[in-house]
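# Notes for the structure review
This is what each chain is made of:
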Amino acid sequence: MTRRKHNKPSDTEPLVALHGVSLSKGGRAVLDQVSLSVPPRRIITVVGPNGAGKTTLLRVLLGLEAPDSGTVRRQPGLNVGYMPQRLPLNQLFPVTVRRFMNLQGRPGRTAVVDALELTGVGHLQQRPLAGLSGGELQRVLLARAIVQKPDLLVLDEPVQGVDFMGEAALYRLIHSLKESLDCSVLMVSHDLHVVMAATDQVICLNHHVCCEGTPETVESHPDFVQIFGPRDAETLGVYHHQHSHHHDLSEQGGPAARD
Ligand SMILES: Nc1ncnc2c1ncn2[C@@H]1O[C@H](COP(=O)(O)OP(=O)(O)OP(=O)(O)O)[C@@H](O)[C@H]1O
């Protein structure tokens, strides 16, 4: 896929950097002194328990919510694609996939077709959005997030509603999109086993950043083990990952093989 951006972001500066970001809601600290940066061409995954502030963190990073304190710095002109956790319109809204793709920013027919083809759902253009399966819908949402050829792809639980085999395929797709778009990916995930094999850096969030680093570093961190339990942390240990190849988890025997 060719890039049509005029202002390519700096290769040396972070695309986005948060420093000391805090935000309270209903009198409770949702984000507490959170700092992170997203360098170019990286896949960074935020993990953490329910209610840890992961979605809020993404929304602050995107400028959709303002922090109470701290700074959020995005490279000027940064082109960001966002796949939210929930569809911002009623899924029963009677639109076809192609119409849905054109609701935001009017990307044009070629860009829409390209994006749908890239995410493997080009054949669904004329189908009603409301009739899609969970996996098909996630791929359409992913297509909408990449339609403007972003420098940074922000994905909030991109594999929700997708079965295990579909999850592995979606993570492979995300990896290949990162390569073909030459972008960075920041995503939230609950799928610890699969995501650990598909990311360069993990940030474990529980209102504050508990630990961060490579999957290998994070999986043995005491805070990570405390949050996710020794069983998850131990089983993650089998996934020491070489980033020079793709995984087909189906060939490894599926989830039962790891338990
Ligand atoms: N308007 C609000 N008022 C009070 N509390 C709120 C408000 N919006 C969000 N919260 C709380 O902020 C916390 C963080 O929410 P957030 O959606 O960021 O968490 P999360 O880590 O993405 O959760 P999940 O994994 O369940 O999606 C939650 O406890 C949520 O209930």
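One structure accompanies this document, and this report is about it. Per chain, residue numbering runs from 1 following the sequence as it is written. Note on the predicted model: pLDDT of at least 70 is required for a residue's local features to be given, and 80 or more for side-chain atom pairs to be given and counted; whole-chain, interface and lining totals, by contrast, use all residues. Excluded from the side-chain calculation are hydrogens and water; included are all heavy atoms of the structure.

### Some thoughts on the packing of helix α3 (residues 109-118) against helix α4 (residues 134-146)
Fitted lines through C-alpha atoms give the axes, limited to the stretch in contact for helices. The angle between two N-to-C directions lies from 0 to 180 degrees. Strands are runs of DSSP state E lasting at least 2 residues, helices are runs of H or I lasting at least 4, and numbering of each runs from the N terminus. Where α3 contacts α4, the two axes come as close as 8 Å, and the packing angle between them is 135°. One finds that α3 runs oblique with respect to α4. Handedness of the α3/α4 crossing: right-handed. Only V140, A143 and I146 of α4 make contact with α3, whose side of the interface consists of A115, L116 and L118. The scheme is simple: roughly parallel for angles under 35 degrees, roughly antiparallel for over 145, roughly perpendicular for 65 to 115, oblique for anything else. Note on convention: near helix rotated counterclockwise from far helix by under a right angle means a left-handed crossing. Clockwise means right-handed. Throughout, a contact is declared for two residues whenever any of their heavy atoms are within 4.5 Å.

### Some points on the nonpolar core
Counting residues in each nonpolar core, the largest one holds 47 residues, and the members touching the most others are M101, L129 and V140. Looking at which domains feed residues into this core, each of domain 1 (11-79 + 152-239) and domain 2 (82-149) gives three or more. With residues up to four places along the chain from it excluded, the contact list for M101 reads P107, V112, A115, L116, V140, A143, R144 and V147. Within the second largest apolar cluster, 24 residues are counted, among which are L18, V34, V60 and L62. Only buried Ala, Val, Leu, Ile, Met, Phe, Trp, Tyr and Cys residues count toward a nonpolar core, and they belong to the same one when joined by side-chain atoms within 4.5 Å. Whether a residue is buried, partly exposed or exposed follows from its accessible area with a 1.4 Å probe, protein chains only, as a fraction of its type maximum: under 20%, in between, or over 50%, in that order. Boundaries of every domain are those given by an automatic assignment or by a domain database.

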